[in-house]
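Here is what each chain is made of, one letter per residue.
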Amino acid sequence: MMAFPRLSALARPLVPWLVPLLLLAVWQAATQSGFVSSRIAPAPSAVAASAYALLISGELLHHLWSSFQRASIGFLIGGGLGFALGLLSGSIRSFELLFDTTVQMIRNVPHLALIPLVILWFGIDETGKLFLVALGVLFPVYLNTFHGIRAVDKGLIEMGKSYGLGPIGIFTQVILPGALPSILVGVRFALGFTWLTLIVSETIAASSGIGYMAMNAREFFQTDVVVVAILLYALLGKVADLAARWLEQRLLRWNPAYA
Amino acid sequence: MYSPSTRPQPTDLDSNSTPDASSGVAVSVAALQKSFGARRVLHDLDLTIRPGEFLAIVGHSGCGKSTLLRLLANLDPASSGSILLDGTPVARQQEDLRLMFQDARLLPWKSVWANVTLGLKGSRADLRRQALEALNSVGLAERADDWPGQLSGGQRQRVALARALIHKPRLLLLDEPLGALDALTRIEMQGLIERLWLRHGFTAVLVTHDVTEAVALADRVILIEDGAITLDQPVALARPRERGEPAFADLEQTVLNRVLRQDHQAAPVTPPAQPTRQQRGDASLSAAQWAAYPSL
């Protein structure tokens, strides 16, 4: 049965936003009445006002852009490496034997534990943050690519061979598309790790970016700016998730689970 | 493993040319042996199949019939002995044979028509035209743009049949392709396979559990027991065959009795060395084969 059957098709998409709106209203009422100090939680209206001010001054876009750049470059480097290593380990037994244990050992070190070392190596430069993001992204992509390739139905590979596909045809027409659902799961995990890593590394050592903006605002007790930064992270995370979903729906049209 | 085909690409599946002996390949198997480790699955097997003949292989699970088909399809190497197609070793005659598996093995990420043209080269429009012709011959042209996941089990096997026939094979190997289908779909599929075989004149080898199916389709039924042929029964019934006819029923009963007789003698026939391995049957055998297959 359809949820909220009496609502029109236009009104139904608004349903998921009812709870957030209600929370906002309660929040606004609590701060305006003085029940909650504005230093602890600024009113939503104050947050909106400071977001607007930051937008007008260009500061917001400046920080947003540097965070976005770090996220995407780090993601491409780490994801690319993880994908390549996963392909090699998944397809070539001797490569797996040689490298998999090493990768699994490194994987089990929380990459954020490397922050002190990364600061010593790279200072508070861009390289350190890219390094951390790439490291955080590498393992989910590696693992899921590896398992995706291993899980491809051996019967389909055998069929492909007996129907005249060469090694390249087997790889591009059977193995890669068969591993794709799993690879995309890895990509979604990796996107989550990207933002997590970025938040932490930007709040510890940075001279630009949303995390830097938040830490700077904290020093001056600008709670409203801190909240703006947090909301921006939420928004960016949502955008990344939408992109991953779009990819899944496009690439996995054949799969009834995504259609 | 594959050399480029020297034969012209097939174009017209629906040509009404009368089948002649040259469209089927002659198969000659001599002193064929196959062992998996210490377990011997086929011993000294000799078999000759005439061009255009429809041969059915029946037998209990684990008797070696599927192994024989995999050797004929060149999926596994023989331990010793030879398999010749028109006098040439099977390893060099890949383009002449196509295999239909027990499960359809369609690629779920390719549309039905793209599955049918798997392994063919040519322009997209030309491939699609060929696929539609092949699908038309199995009655599924209207599903060409669907995903395999949207088809029923019987429809998937019909697509697999079209995919095999588009290559104009001179030897079609069928590994219990109808085993997983319901009874009605199975009878329809048997009719379809028979019609296409009559039209194209390829040599057909069908492995099946179903004695009725074997008698309905084959020119000759052989029984494999413990890796050797123990019955070679011609089926001299006129086509199309009616399952209810007395001659059909008699023959079916003869073969069935012969197949079942093994049960009463099973204990003395089984080699005493490792009886438990002997009884594990087809499933464990194919598991061993998969384990032996690296992923690339």
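Residues numbered from 1 in each chain as written. Chains lettered and ligands numbered in written order. Predicted model: local features only at pLDDT ≥ 70, side-chain atom pairs only at ≥ 80, totals over all residues. Heavy atoms only, no water.

Caption draft 1: Representation of a nonpolar patch on the surface within the structure. Residue and element names in this part refer to chain A. A cluster of nonpolar side chains, contributed by V185, F189, F193 and L196, occupies part of the molecular surface with about 340 Å² of accessible area. Note on placement: L196 falls in helix α8 (residues 167–204). Of the residues examined, L196 reaches a relative accessible area of 42% and is grouped as partly exposed. (Patch = residues over 30% accessible without salt bridge, like charges linked within 9 Å, V, L, I, M, F, W, Y side chains within 5 Å. Areas by Shrake-Rupley, 256 points an atom, 1.4 Å probe, with all protein chains shown as cover. Salt bridge = Lys/Arg side-chain N within 4 Å of Asp/Glu carboxyl O. Helix = DSSP H or I, 4+ residues; strand = E, 2+ residues; numbered from the N terminus. Buried < 20%, exposed > 50% of the residue type's maximum accessible area, 1.4 Å probe, protein only.)

Caption draft 2: Expanded view of the interface of chain B and chain A. The interface is formed by 23 residues belonging to chain B together with 22 residues belonging to chain A. Together, the buried faces of chain B and chain A total about 2400 Å²; carbon and sulfur atoms form 66% of this surface. Put simply, chain B and chain A have two salt bridges between them. The closest approach of N and O atoms between E158(A) and R105(B), which form a salt bridge, is 2.7 Å. Where chain B packs against chain A, one counts seven residue pairs in polar contact (both at pLDDT 80 or more). Contributing elements (two or more residues each) for the side of chain B that touches chain A: β6 (97–100) and α4 (153–165) of chain B. Counted by class, the side of chain B that touches chain A contains 15 nonpolar, three polar and five charged residues. (Contact = heavy atoms within 4.5 Å. Buried area = accessible area lost by both parts, 1.4 Å probe. Polar contact = N/O pair within 3.5 Å; in protein donor to acceptor, adjacent residues only side chain to side chain. Nonpolar A, V, L, I, M, F, W, Y, C, P; charged D, E, K, R; others polar.)

Caption draft 3: Local environment of the UniProt feature "transmembrane region" (unreviewed entry) in chain A. Residue and element names in this part refer to chain A. As recorded in UniProt, the feature "transmembrane region" (unreviewed entry) lies at residues 72–93, 105–124, 130–152, 164–187, 193–213 and 225–247. Here residues 105–124 runs as 55% helix and 0% strand, with 27 Å between its end C-alpha atoms. As annotated, residues 164–187 comprises 88% helix and 0% strand, and the C-alpha atoms at either end are separated by 32 Å. (UniProt positions renumbered as here; feature names shortened; annotations may be inferred.)

Caption draft 4: Representation of unusual backbone geometry in the model. Residue and element names in this part refer to chain B. Cis geometry is adopted by the peptide bond preceding P240, which originates at R239 and carries an omega value of -5 degrees. Structurally, P240 is set in the loop between β10 (228–234) and α7 (246–269). One non-glycine residue, A31, lies in positive phi territory at about 45 degrees. Along the chain, A31 turns up in strand β1 (residues 27–36). Positive phi outside glycine occurs at D226, with the angle close to 50 degrees. As for its placement among the helices and strands, D226 is situated in the loop between β9 (220–225) and β10. The partly exposed category is assigned to D226, whose relative accessible area is 23%.

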